[in-house]
Amino acid sequence: MTEHDAEEAPPGGVAVDDGGEPPTRDALEPSHAYAAGNGVTARIRRSAAWRSAFRHPPIDTPRGRALQGFSNFFLHVYPVKIPARVLRLRYSFRLGFISTVLFGILTTTGIYLMFFYTPTVGTAYGDMQTIHTGVGFGQLIRNVHRWSAHLMVLAVVLHLARVFFAGAYKKPREFNWVIGVVLLLLTLGLSFTGYLLPWDQLSYWAVTVGTNLVHYIPLVGGSLAKLLIGGDQIGQATLTRFYALHVAVLPLTVVLALGIHIWRVRKDGFAVERSAVGASGAFEEGATAPPNVAVPATAPAELYGGRTRVLGVVDRESVTAEERGVDDTVFTWPHLIVRHVVVALGVTTVVLALGVLFVAPLRGLANPNLTPEPAKAPWYFAGLQELLSHFDPLVAGILVPIGAILTMVLLPYIDRNPSTVARHRKVAITIFSGLLGLALVLTVIGTFFRGPGWEFIAPWTHWYVEL
Amino acid sequence: MAHNTRREFLRTGWRAGGALLVAAGGWTFWESLRPLAGSGGGGKIKLGQPGNYQPGTATFVPEGRLFIANTGNALLAISQKCPHLGCQVPFCDSSGRFECPCHGSSFDIGGEWIEGPSPIGMSQHPITLEDGSVVVDTSTVNPGPPRGSAVHLTPARGPKCKKG
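Bear in mind that the values here come from a model prediction, so they are computed numbers and not experimental data. (Residues numbered from 1 in each chain as written. Chains lettered and ligands numbered in written order. Predicted model: local features only at pLDDT ≥ 70, side-chain atom pairs only at ≥ 80, totals over all residues.)

A. The overall build of chain B, seen in detail. Secondary structure summary: chain B contains one helix and 11 strands in total. Shown N-terminal to C-terminal, the secondary structure of chain B runs as helices and strands in the order α-β-β-β-β-β-β-β-β-β-β-β. Relative to its length of 164 residues, chain B is extended, with a C-alpha radius of gyration of 25 Å against a globular reference of 15 Å. Each principal axis of the C-alpha atoms in chain B carries an extent, and together these give about 85 × 40 × 25 Å. Among the 164 residues that make up chain B, the fraction classed as buried is 32%. Taking the contacts inside chain B whose residues are at least 6 apart along the sequence as the reference set, 51% of them involve residues at least 24 apart. (Helix = DSSP H or I, 4+ residues; strand = E, 2+ residues; numbered from the N terminus. Rg over C-alpha atoms; globule rule 2.2 N^0.38 Å. Buried ≥ 20, exposed ≤ 12 C-beta atoms within 10 Å, placed from the backbone. Contact = placed C-beta atoms within 7 Å.)

As structure tokens, then:
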């Protein structure tokens with residue numbers, strides 16, 4: 001979308017009515033109040049160099065706000081206007097955005113830690129001690145990194161649950177759900193590979209237990225585990241591999257997947273609650289077009305099986321998914337951006353507070369000959385470990401986790417019920433809630449209720465949890 | 001089909017070539033990630049006279065990460081790694097059994113499964129007698145005896161090391 005598009009009606013369409021006073025061309029020129037006067041700032045703002053970087057002054061008119069969005073790389077991630085209901089906290093609880101913010105915090109703190117860390121068996125643990133004791137704010141940065149990682153796993157899982165309960169994985173968002181599941185797996189992979197890097201007893205044995213789960217995959221399990229840890233047991237090769245995965249392969253993959261994920265949120269439109277009737281996917285001919293949409297009956301629309309809007313050809317489901325009626329849209333800048341800034345500040349405050357209050361664990365140097373009691377996988381795999389102590393490894397190690405991942409990936413293709421209203425989806429919601437509850441119970445038992453020898457203990461007798 | 005033969009032939013050729021390239025590159029990359037031979041276990045280690053190992057004991061050999069267990073009628077080289085999830089399993093002298101601290105699997109002195117989540121007995125290394133001394137080949141790991149095997153099983157001689 002360019003400035004030009006906003007100004008002129010496209011052939012066969014009508015112009016977007018932004019509801020404001022049509023500003024004169026002069027209003028966009030540097031003579032505007034924001035660059036008026038003879039002060040240094042104003043002179044800089046009027047300079048050709050400044051105007052080449054910041055093309056539009058912040059003019060507080062609908063048109064000015066739209067131009068801000070179009071012409072700013074960072075704001076361009078957002079749509080210029082969004083439905084007002086998106087602003088409500090309970091629309092999404094901002095969980096996807098919170099996950100993204102946590103990923104940003106993790107990237108920043110992670111790069112900082114990279115300056116002080118060498119991934120070798122001989123130096124890794126010493127570097128961790130140096131970060132704790134000899135690097136300015138090193139301990140705090142590591143704490144924030146650690147707690148953000150745990151919170152990101154939590155936020156992504158909650159985001160997934162929220163999207164499920166809202167039915168937002170249904171047509172036309174099936175593929176974005178799949179990408180979301182991939183992002184969840186990448187998040188787990190990032191957290192797990194990072195777990196080994198301190199090279200202390202906690203990380204060594206948690207990763208030993210975690211990677212040994214791979215052995216239970218039939219036929220390929222043994223060689224896959226060998227490939228993952230680069231040998232028969234965890235050593236230098238494992239540390240090198242996990243480091244490369246943790247700082248390069250997985251983050252880059254997340255950035256790519258996240259880019260597609262967010263892009264598709266825009267392309268698929270914002271999810272709304274719809275009953276089975278209105279959401280059959282069939283476009284009702286003769287339906288009144290929403291005020292902002294022009295519907296020329298031209299060939300391209302039929303060609304692409306969609307409808308032509310001002311902004312181009314849009315898949316018909318995403319058009320019908322948008323609520324019709326009065327124009328309830330608001331400008332992203334400032335309405336949504338301000339909320340996002342507040343959420344981002346809130347998340348930062350929380351992880352900083354956690355970092356100040358709780359020290360990330362660093363036990364003794366990894367000792368392959370001394371297993372601590374009990375050796376637990378990281379908490380997000382503790383449910384799997386708990387399951388493994390009850391069932392045959394083929395069931396608990398393979399059928400359940402692989403079945404769960406496959407079911408999650410295929411969910412939008414299995415559940416063809418178009419309704420997103422809870423009372424029309426009793427079966428799906430019951431099954432999902434049951435499985436989620438089961439996973440929660442297993443994780444809580446494995447994390448809090450298991451002591452030495454994997455015997456039941458009450459969590460208050462002795463705390464065996466380390467995150 | 002007929003009027004497009006050349007175009008389709010070329011298209012198929014490009015696709016096949018591309019697929020071949022991806023497959024070859026992928027295979028090479030995959031192979032390059034495989035650990036080098038010998039990066040796992042070590043070679044053969046000599047562990048002294050068989051008489052050093054008293055019946056009913058299991059002696060830990062740190063350099064091989066294994067136990068030499070004298071079951072009374074056999075000398076076995078048992079890997080210290082629990083077949084369940086890879087924890088290091090200590091030998092409990094009071095019960096005369098291997099007891100995994102992580103998840104509660106226990107094994108008799110011959111490494112045979114008694115209880116717990118482990119699906120199989122403890123792995124073993126080949127053990128031989130050369131020039132009167134015990135030699136263990138740590139480069140070879142044989143899977144342990146299946147569940148239900150009870151060749152070396154004797155009643156526990158005392159309490160467990162871990163409270164259960």
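B. Fine view of the overall build of chain A. Across its full length, chain A holds 18 helices and four strands. Within chain A, buried positions represent 32% of all 467 residues. For chain A, long-range pairs separated by at least 24 residues make up 73% of all intrachain contacts whose partners lie at least 6 apart in sequence.

C. The interface of chain B and chain A, seen in detail. If you look at the interface, chain B gives 19 residues, while chain A gives 24 residues. For the side of chain B that touches chain A, the class distribution of residues is nine nonpolar, eight polar and two charged. (Nonpolar A, V, L, I, M, F, W, Y, C, P; charged D, E, K, R; others polar.)

D. Fine view of the environment of Trp333 of chain A. Residue and element names in this part refer to chain A. Within the secondary structure, Trp333 sits in helix α15 (residues 332–357). A tally of 19 C-beta atoms within 10 Å means that Trp333 is categorised as partly exposed. Trp333 sits 97 residues away from Gln236 along the chain, and the two C-alpha atoms are 50 Å apart.

E. Just unusual backbone geometry, in detail. Residues Lys171 of chain A and Pro172 of chain A are joined by a peptide bond in cis, for which omega reads 10 degrees. When you line up the elements, Pro172 of chain A lands in the loop between α8 (138–165) and α9 (174–196). Pro334 of chain A follows Trp333 of chain A through a cis peptide bond whose omega is 10 degrees. In this structure, Pro334 of chain A sits in helix α15. The backbone of Trp199 of chain A shows a phi angle near 55 degrees, a positive value even though the residue is not glycine. Relative to the helices and strands, Trp199 of chain A resides in the loop between α9 and α10 (201–212). Residue classification places Trp199 of chain A among the buried positions, given that 24 C-beta atoms sit within 10 Å. Of note, the phi angle at Arg65 of chain B is positive, near 50 degrees, even though the residue is not glycine. With respect to the helices, strands and loops of the structure, Arg65 of chain B is situated in the loop between β2 (58–61) and β3 (66–70).

F. Broad picture of the sheet that holds β2 of chain B. Residue and element names in this part refer to chain B. Here four strands make up an open sheet; going across it, the order is β2-β3-β4-β9 and the pairing antiparallel. If you trace the sheet from one side to the other, it starts and ends with β2 and β9 (124–125), each paired once. Direction of pairing for β3 relative to strand β4 (residues 75–79): antiparallel, over a ladder of five bridges. Residue pairing for β4: Ala69 is matched across the bridge by Leu76. (Pairing = 2+ DSSP bridges.)

G. Inspection of the domain arrangement of chain B at higher detail. Along its sequence, chain B is carved into domain 1 (2–33) and domain 2 (44–137). Here the C-alpha centroids of domain 1 of chain B and domain 2 of chain B sit 52 Å apart. (Domains from an automatic or database assignment.)

H. Geometry of the packing of α8 of chain A against α9 of chain A. Residue and element names in this part refer to chain A. Running from N to C, α8 and α9 point in directions that differ by 160 degrees, and their axes come no closer than 10 Å. With respect to α9, the axis of α8 lies roughly antiparallel. Considering only the axes of α8 and α9, their crossing is left-handed. In this structure, α8 contributes Ala149, Met152, Val153, Val156, Val157, Leu160 and Val163 to the contact, and α9 contributes Trp177, Gly180, Leu183, Leu184, Thr187, Leu188, Ser191 and Gly194. (Axes fitted to C-alpha atoms, helices over the stretch in contact; angles between N-to-C directions. Parallel < 35°, antiparallel > 145°, perpendicular 65-115°, else oblique. Left-handed = near helix turned anticlockwise from the far one by under 90°.)

I. The arrangement of the confidence of the model for chain A in detail. All names here are of chain A. Scored by pLDDT, chain A comes out at a mean of 81, with 81% of its residues at no less than 70. Predicted confidence for residues 1–19 stays below pLDDT 50, and this span has 23 contacts to residues more than four positions away or in other chains. Low confidence marks residues 276–311, where pLDDT is under 50. Its contacts with residues over four positions away, or in another chain, come to 50 contacts. (pLDDT = per-residue confidence, 0-100.)

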